[in-house]
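If you want the building blocks of each chain, they are given just below.
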Amino acid sequence: MGSPISTTLLPSSLSPIVSFRILFRAGSVDDPRGREGMTYLTTAMLAQGGTRSLTYAELLEALYPMAARIDAQADKEVVVLLGECHRDHLQRFVPLLRDILLRPRFDPADFARLRDEAVNYLEKQLRANDDEALGKAVLQSALYEAHPYGKPNVGTVQGLKALKLDEVIAHFKAHFTRESVDLGIAGGYPEQLAVDLAKELAAGLPSRSTERVTVSEPRLPRGIEIVAVEKPCIATALSIGFATSLTRAHEDWIPLLVANSCLGEHRTFNGVLMNELRGKRGLNYGDYSYLEHFIQEGGSTFPVTNIPRRRQYFSIWLRPVPHRNAPFALRGALYFLDRTLRQGIPEADFEATRSFLKTYSRLWAQSLDQRLGYLQDSKIYGIADYLETIQRRLPELTCEEVNAAMRRHLRATDLVVAAVTQDADAFLDPLLAGAPTSVTYDTEGTLPEVLQEDRAIERFPLQVSREKSRKVTPEELFET
C-alpha cells in the first residue's frame, strides 16, 4: 500500500453524472532538451492508447454504450486525465479509467500513430491552417525565449521525431506518480468509490519525488518587438502581450479582473477594444484581452480549467484584420490600452463591469466538472476557492483600487507582437520607420469624431525595436 494521495472531492447526490479529473503536476516544462513533446505524447498514450487488456479501439467500443468519455489535456505545468459517465455505469467505467493509468498499454503502433499526429499538427495544421492559433503560439515562444515555457505544449517537430517509446514509458514512471497526482471526483458517486480509487492509485502508481523545474522570470522586452510570420493568408492575425509575475494568488488579481473585463472581456461587447475597433470602426470580428493563458472551452465563451501556471502573461488578441488595416489595428489596440491606463476607468464603467463580472463569473462553472477543475487549480495556486473569492472581493473593490492595480501591472510599451500576415515587409516597414499607418474603410458613414480620433491613432508613437523585430516563415517555427 502506498502513502495516501491528494484528493479533491465534490460530491453531489443530486447529480446523475460523475466526473473525474486525475491531475498530475507534470507538464511540458519537464520535457528533456531535444525531446520536446515527451509529456504531451505520454499523456496522449494514456488517453488514446488503451490498456493491457484492451486496445484503444476496444476501449472506445466499451465506452460507447455507456455514453462515457475519457480524454486528456496537457499544458506547461500540469496534465489531466478526464473521465465522465452516468453513475449507473460506474462499476464498468471506473476499472477502465483505472487501468489506463495503472496498466497502460504503450503499444508501439499507438506510439507511432500519436507521434505522427502530433508532428502533423505542427507541420500541417498550426503552421499552415490556423493563423490565429499560430499567432498565439508565436507570441508565447517569443515571450518565453530560452525559458521552460518557450516550446509549444505539443513539442517540436524534431523533438517529437527523436522520441522513442521506451523514453515515454520512463517519463511516465518518473512524472506520473503518486506524489504528483491529485484525484478529483465530482457528482453523484458513492463515498466508498473515492476511497477505493484513491487506495488503488496510491498502491499502483509509481513513487518518485521529483523536484519541480525552476520557472524563472522571463526576459523583459525592450520596446515593441514584432515577429511577422509571412505566409499566404487573407487577413492579418495579431497577438500582443508581455509576461507578468501575476497569478491568481496575487492581491491585485481581482482588481485586475475588473480592469481586464473593462478593456476586453473574451467574446463580449463590454470591452473598450471590442467597442472601439469592431463596434465603431468595423476592423474585424473581435478584439479581446486576457490576464492569463486562456483556452476557450468548446463552443462556449468560457475558459477551460486545469491550465495553472507559475508564470502568466497579459495578452491582446485581435482577430484577423484586412492586411491594409493591420498596422492601424495594432496601433489602435495600444492607443486604447494606453488611453485606458492614462485616463483610468470611469466610475460608471467600473460599477457596470463589477456588476457584470459578479454574475458572469458564476457562469464559468456551469457544471460540477468545471467547478472541480477550479477547485483543483485553487489548490495549486495555494488560494481559497477562486470563484468564491471573486464573489467575496468584488463588492469590496473601489474604482481607485482597480485603476491603481491596472497602472501597476499593465502597460502599452515593452511588449511582443506576433503578426501572421501575407506581406511581412508591408506590415513591418511603416512601423519600423515610425510612419503614419492610416485606415481604409470599405463603406461610408464612419462618425466624424471617430475619423478625427483615427488621425491620432495612425500617428500613435510605437517604440518598435529594430534589433528584435524580424520576419520569419512558418517552416522556421517549432522545428527544434
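Check the entry above for the structure.
Each chain carries its own residue numbering, running from 1 in the written order of its sequence. A pLDDT threshold of at least 70 governs which residues receive local features in this predicted model, and a stricter bar of 80 or more applies before side-chain atom pairs are shown or counted, although totals over entire chains, interfaces and linings include all residues. Side-chain measures here rest on the full set of heavy atoms in the structure, leaving out hydrogens and waters.

## Quick word on the nonpolar core
Step number 1: To qualify as a nonpolar core, a set must consist of buried Ala, Val, Leu, Ile, Met, Phe, Trp, Tyr and Cys residues joined through side-chain atoms within 4.5 Å. For every residue, the accessible area obtained with a 1.4 Å probe (protein chains only) is divided by the maximum for its type, and the residue is called buried under 20%, exposed over 50%, and partly exposed between those limits. Core analysis: the biggest nonpolar cluster contains 75 residues, and Phe 20, Ile 22, Phe 93, Ile 185 and Leu 201 have the highest contact counts within it.
Step number 2: At eight residues, the largest contribution of residues to this core is made by helix H3 (residues 90–102).
Step number 3: Two residues form a contact once any of their heavy atoms are found within 4.5 Å. Each residue touching Phe 20, except ones within four places of it in the same chain, is listed here: Leu 81, Leu 82, Gly 83, Leu 90, Phe 93, Val 94, Leu 97, Gly 184, Ile 185, Leu 193 and Leu 197.
Step number 4: One finds Leu 334, Leu 357, Val 402 and Ile 457 within the second-largest nonpolar core, a separate group that totals 65 residues. Every helix listed is a DSSP run of H or I at least four residues long, and every strand listed is a run of E at least two residues long, numbered separately from the N terminus.

## Side note on the side chain of Glu 77
Step number 1: Relative to the helices and strands, Glu 77 resides in the loop between strand E3 (69–74) and strand E4 (79–86).
Step number 2: In this structure the side chain of Glu 77 is engaged in a polar contact, spanning 2.8 Å, whose partner is the side chain of Arg 212. Within 3.5 Å is the distance limit for a polar contact, defined as a pair of N or O atoms, with the added protein rule that one can donate a hydrogen and the other accept it, and that residues adjacent in sequence qualify only through two side-chain atoms.

## Some details on the state of the cysteines
Step number 1: By disulfide we mean two sulfur atoms from cysteines, separated by a distance within 2.5 Å. Overall, the coordinates contain zero disulfides when judged by the stated rule.
Step number 2: Distance from the sulfur of Cys 262, which forms no disulfide, to the nearest cysteine sulfur (Cys 399) is 8.6 Å.
Step number 3: By relative accessible area, which is 6% here, Cys 399 ends up buried.

## As for the packing of H3 against helix H8 (residues 191–204)
Step number 1: Axis angles are defined between N-to-C directions and span 0 to 180 degrees, where every axis is a line fitted to C-alpha atoms and, for a helix, only to the segment in contact. The interhelical angle for the contact between H3 and H8, taken along N-to-C directions, is 20 degrees, at an axis separation of 11 Å. As summarised for this structure, H3 and H8 are arranged roughly parallel, according to the angle between their axes. The chirality of how H3 crosses H8 is right-handed. Facing H3, whose interface residues are Leu 90, Val 94, Arg 98, Leu 101 and Leu 102, H8 presents Leu 193, Leu 197, Glu 200, Leu 201 and Gly 204.
Step number 2: Note on residue classes: Ala, Val, Leu, Ile, Met, Phe, Trp, Tyr, Cys and Pro are nonpolar, Asp, Glu, Lys and Arg are charged, and everything else, Gly too, is polar. The class makeup of the residues in the contact of H3 with H8 is seven nonpolar, one polar and two charged. Should an angle lie under 35 degrees it is considered roughly parallel, over 145 roughly antiparallel, and from 65 to 115 roughly perpendicular; all remaining angles are considered oblique. Here a crossing is called left-handed whenever its near helix is offset anticlockwise from the far helix by less than a right angle, and right-handed whenever the offset is clockwise.

## What to know about the layout of surface pockets
Step number 1: As a volume, the largest pocket reaches approximately 1200 Å³.
Step number 2: Throughout, the protein atoms alone are placed on a 1 Å grid, and a set of points is a cavity if a 1.4 Å probe fits but cannot get out or a pocket if it is open with protein on both sides within 12 Å along at least five of seven lines; lining residues have an atom within 4 Å of a point. Along the walls of the largest pocket sit 47 residues, with Tyr 121, Asn 153, His 293, Phe 294 and Ile 295 positioned nearest its centre.
Step number 3: At the level of elements, E3, helix H4 (108–129), helix H5 (131–143) and strand E9 (312–321) are the ones that each hand at least two residues to the lining of the largest pocket.
Step number 4: If one sorts the elements of the lining of the largest pocket by residue count, H5 sits on top with seven residues.
Step number 5: Partitioned by chemical class, the residues of the lining of the largest pocket number 21 nonpolar, 11 polar and 15 charged.
Step number 6: Taken as a whole, the second largest pocket spans an internal volume of roughly 660 Å³.
Step number 7: For the second largest pocket, the lining is made up of 26 residues, of which Ala 146, His 147, Gly 150, Lys 151 and Thr 480 are closest to its centre.
Step number 8: Contributing elements (two or more residues each) for the lining of the second largest pocket: H5 and strand E11 (470–472).
Step number 9: Ranked by the residues each element gives to the lining of the second largest pocket, the list is headed by H5, at three residues. Grid points are joined across faces, edges and corners, and a volume is the space filled by probe spheres set on the points.

## Focus: the sheet that holds E3
Step number 1: Strand pairing is defined by DSSP finding a minimum of two bridges between the two strands. The five strands are arranged E1-E5-E2-E4-E3 in an open sheet whose pairing can be described as mixed. Every interior strand has two partners, whereas the edge strands, strand E1 (6–11) and E3, have only one. Averaged over all pairs of adjacent strands, the angle between strand axes in this sheet comes to 15 degrees, irrespective of strand direction.
Step number 2: The pairing of E1 with strand E5 (residues 181–187) spans six bridges and is classified as parallel. Bridge pairing in E5 links Thr 8 to Gly 184.

## Details of the packing of helix H9 (residues 253–264) against helix H14 (residues 386–393)
Step number 1: Contact geometry for H9 and H14: axes closest at 10 Å, N-to-C directions at 80 degrees. One finds that H9 runs roughly perpendicular with respect to H14. Taken together, the residues of H14 that come into contact with H9 (itself represented by Trp 253, Ile 254, Pro 255 and Leu 257) are Tyr 386, Ile 390 and Arg 393.
Step number 2: In the contact of H9 with H14, the residues fall into six nonpolar, no polar and one charged.

## Observations regarding the packing of aromatic side chains
Step number 1: Aromatic pairs are defined between Phe, Tyr and Trp rings, using the six-membered ring for Trp, whenever the two ring centres lie within 6.5 Å; interplanar angles under 30 degrees are classed as stacked, those over 60 as edge-to-face, and all others as tilted. Under the defined criterion, the tally for this structure stands at 15 aromatic pairs.
Step number 2: Plain terms: the ring middles of Phe 356 and Tyr 360 are 4.6 Å apart, the flat faces sit at 20 degrees to each other, and that makes the pair stacked. On the criterion of helical spacing, the pair formed by Phe 356 and Tyr 360 is a turn pair, its members being four residues apart in helix H12 (residues 347–360).
Step number 3: A relative accessible area of 24% means that Phe 356 is categorised as partly exposed.
Step number 4: The class for Tyr 360 is buried, based on a relative accessible area of 9%.

## Some words on the pairing of E9
Step number 1: A large share of E9 lies buried, amounting to nine of its 10 residues.
Step number 2: Across eight bridges, strand E7 (residues 236–244) lies against E9 in antiparallel orientation. Bridged to Gly 241 within E9 is Ser 315.
Step number 3: Here strand E8 (residues 287–290) pairs with E9 via four bridges, running antiparallel. Note that in E9 the partner of Asp 287 across the bridge is Leu 318.

## Comments concerning H8
Step number 1: Helix length check: H8, at 14 residues, gives a terminal C-alpha distance of 20 Å against a target of 20 Å (1.5 Å per residue), a fit within 8%.
Step number 2: Burial in H8 covers these residues: Leu 193, Ala 194, Leu 197, Ala 198, Leu 201 and Ala 202. Around the axis of H8, the buried residues are gathered within 160 degrees of arc, so they sit on the same side.
Step number 3: Packing partners of the buried residues in H8 comprise E1, strand E2 (17–24), H3 and E5. Any helix carries an expected span of 1.5 Å times its number of residues minus one. Directions from the helix axis toward the C-beta atoms define the arc.

## A look at the sheet that holds E11
Step number 1: Reading across the sheet, the six strands line up as E8-E9-E7-E10-E6-E11 and stay open at both edges, with mixed pairing between neighbours. Because the sheet does not close on itself, it has two edges, and the strands there are E8 and E11. With direction set aside, neighbouring strand axes in the sheet form an average angle of 15 degrees.
Step number 2: With three bridges joining them, strand E6 (residues 224–230) and E11 adopt parallel strand pairing. Bridging across to E11, Val 227 finds its partner in Arg 470.
Step number 3: Against the sheet, H9 makes contact with E8 and E9, and its axis sits at roughly 165 degrees relative to E8, the strand it touches most.

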